[in-house]
Amino acid sequence: MIDFKEQIAKEISKNVNLPKEEIYEYIEVPSDEKMGDFSFPCFKLAKELKKAPQMIAEDLKQNIHFKEDFMQKVDVVSGYLNFYIQPQEYIKNVLNKIDASKENFGKSTIGNGKNIVIDYSAPNIAKPFHIGHLRSTVIGNAIYKIYKFLGYNVIGINHLGDYGTQFGKLIEGYKLWGKEYNIEENPIDELTKIYVRINNLCKEDETVLENCRNNFKKLEDGDPECVELWTKFRELSLKEFQKVYDLLQVSFDSWNGEAFYSDKMQEVVDILKEKNLLKPSEGAMIVDLSEKDMPPCIIEKTNGSTTYATRDLAAILYRARNYDFDKALYVTSYEQILHFKQIFEVAKYLNLNEKYTQNLVHIPFGMIQLKSGKMSTREGNVIKLEDLLNEAISRVNKIIDEKNPDLENKEETAKKIGIGAVIFNDLYNSRIKDEIFDWDTMLNFNGETGPYMQYIYVRTRSLLEKAGYIPKLEEVDFTQLLDEASLKIIKLIYSFQDTLLQASEKYEPYILARYLIHLSQNFSSFYNENKIIVENKALQDARLYLTYSVGLVLKIGAELLGIQMPNKM
Ligand code: ARG
């Protein structure tokens, strides 16, 4: 596909003696189509050229020439140069590219040779995998897929919370009352009960608390009994988490959780000590960050045990060395903004190349709110994700029973729609916004929702099925698609890859989610305005090919968000 923007940048840069790349950055896509397909704000050059924007625009207009005949016209409007691409040129470029790349449409090699580490999901062992982890899992998974599609080498890490003093308590509780609980059957619920009970006992009995501390120490030192119990808790928990990952169809390249770093933290402590950065404070060991206007980063607690932060620092060392990352991304709720600011600051002292310490990125997201109020991600009001996903499926099942009881593959379809609805709802807004969790909104087949997008996709398929064929591109007469509704779709498809690039640069899957809704809505208008199965074969072929193209892009885009498309619904 010709990159029109690049061609324009090239031509302008020849005339103003500025690098093409810089001009490229300035070129906009006007929100009002009447202002052209691309627009160059000449005031960006006013300082450099010491001329008024309007004059620059007039001069440029005289001097730029496009070899290829893809440019329809160039206009000067109040200091802007507006470019209008030949509609046919758009159609030709887009449809040729669709034909050549099919399900690889939009793919790029821009990321080749670059390594991206994404740390996401990361539930805590022996605690519920609750709705707060949903966002990390879903956002991280979408970013993972988009980066991969753009050619990056991506490493997805599930940094499980499988370490910490609470395991000393769990071990003690299990030793005391293990037989009373069926942890094989229902690991998370039962372990949570044990944890609550032992915590209460600790408050009453100092010696029990002491035993718990010892257990954790023993676990760190590799005591066989403690390690065996810890392993059991971890395995049982993972088995339960896996049910959620299976429903969401999310997988990871690495399951190295916090415990993985238990023997790798000493190096962090040593480096900080050697640099005289480790200071005692109220019995703990800290790195003072007051110069950066932050509270201190605690490296060792009063009782000598290491912290969440220390494990993250060890993980940065490990990831730099083992993955040689160009970027390391962390997807968690905004509650952890300070934590990541602190460890990214301390990481600068760990003798790592700047290539690594400059490219640590926290990707925070907002809370999930039930219509009834806040849903904490840390405690209280815990809704289990597995239950929630199953409820989504059963709600869709009911809708199908009402609307289309004879649908084949009902179970499979309900799953795709139900899970898709939850994922889409999670990705539709800028991630930092709090998310409202409301069944009626996310399952509305006419709203800006996953089911709506899936419905439009299914529409494209049923149209092609009704016609009985997908036309060959050679048979498509591009002039049949010059009407407004068709062109709008062509231009949207043209901007698909650009949408993916933007979503990746900003770590914002919502940019893709909104694009897909936009494309769906435009197809819906196209379809309402134009009959597709018609007498005129040339017209029908062109419209069918457009229909096929829309379906293709919707499916590619949905899959990048982690959503499966049903074939019928
Ligand atoms: N387990 C943590 C939690 O549930 C999230 C871990 C995020 N990743 C990291 N490297 N700190 O809050």
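Residues numbered from 1 in each chain as written. Predicted model: local features only at pLDDT ≥ 70, side-chain atom pairs only at ≥ 80, totals over all residues. Heavy atoms only, no water.

Caption draft 1: Up close: the packing of aromatic side chains. One pass over the full model with this rule turns up 32 aromatic pairs. On the basis of an interplanar angle of 75° and a centroid distance of 5.6 Å, the ring pair of Tyr 174 and Phe 233 is categorised as edge-to-face. Note that Tyr 174 is positioned in helix 7 (residues 166–177) and Phe 233 in helix 10 (residues 224–248), a separation of 59 residues in sequence. In this structure Phe 233 comes out as buried when scored by relative accessible area, which is 0%. Measuring from centroid to centroid gives 5.6 Å for Phe 523 and Phe 526, while their planes differ by 40°, and the two rings are tilted. Placement of the pair is Phe 523 and Phe 526 together in helix 21 (residues 509–529), with a separation of three residues, close to one helical turn. Overall, Phe 523 belongs to the buried group, its relative accessible area being 1%. By the ring-pair criterion, three or more aromatic residues cluster together here, those being Tyr 120, Phe 129, Tyr 144, Phe 241, Tyr 245, Phe 252 and Trp 255. Between Lys 5 and the ring centre of Tyr 24, over which it is positioned, the NZ or CZ distance is 4.7 Å. The ring of Phe 445 carries the charged tip of Lys 403 above its face, separated from the ring centre by 5.3 Å. (Phe/Tyr/Trp six-rings, centres within 6.5 Å; stacked < 30°, edge-to-face > 60°. Helix = DSSP H or I, 4+ residues; strand = E, 2+ residues; numbered from the N terminus. Buried < 20%, exposed > 50% of the residue type's maximum accessible area, 1.4 Å probe, protein only. Lys NZ or Arg CZ within 6 Å of the ring centre and 35° of its normal.)

Caption draft 2: Looking closely at the site of the ligand. Taken together, Asp 119, Ala 122, Asn 124, His 133, His 159, Tyr 308, Asp 312, Tyr 330, Thr 332, Gln 336 and Phe 340 make up the full set of residues adjacent to the ligand. At a separation of 2.7 Å, a nitrogen atom of the ligand approaches a polar side-chain atom of Tyr 308. Take Asp 312: an N or O atom from its side chain is 2.7 Å from a nitrogen atom of the ligand. Starting from 350 Å² of accessible surface for the ligand in isolation, the protein chains cover 91%. Taken together, the elements giving at least two residues each to the shell around the ligand come down to helix 12 (308–323) and strand 9 (327–333). (Near = heavy atom within 4 Å. Polar contact = N/O pair within 3.5 Å; in protein donor to acceptor, adjacent residues only side chain to side chain. Areas by Shrake-Rupley, 256 points an atom, 1.4 Å probe, with all protein chains shown as cover.)

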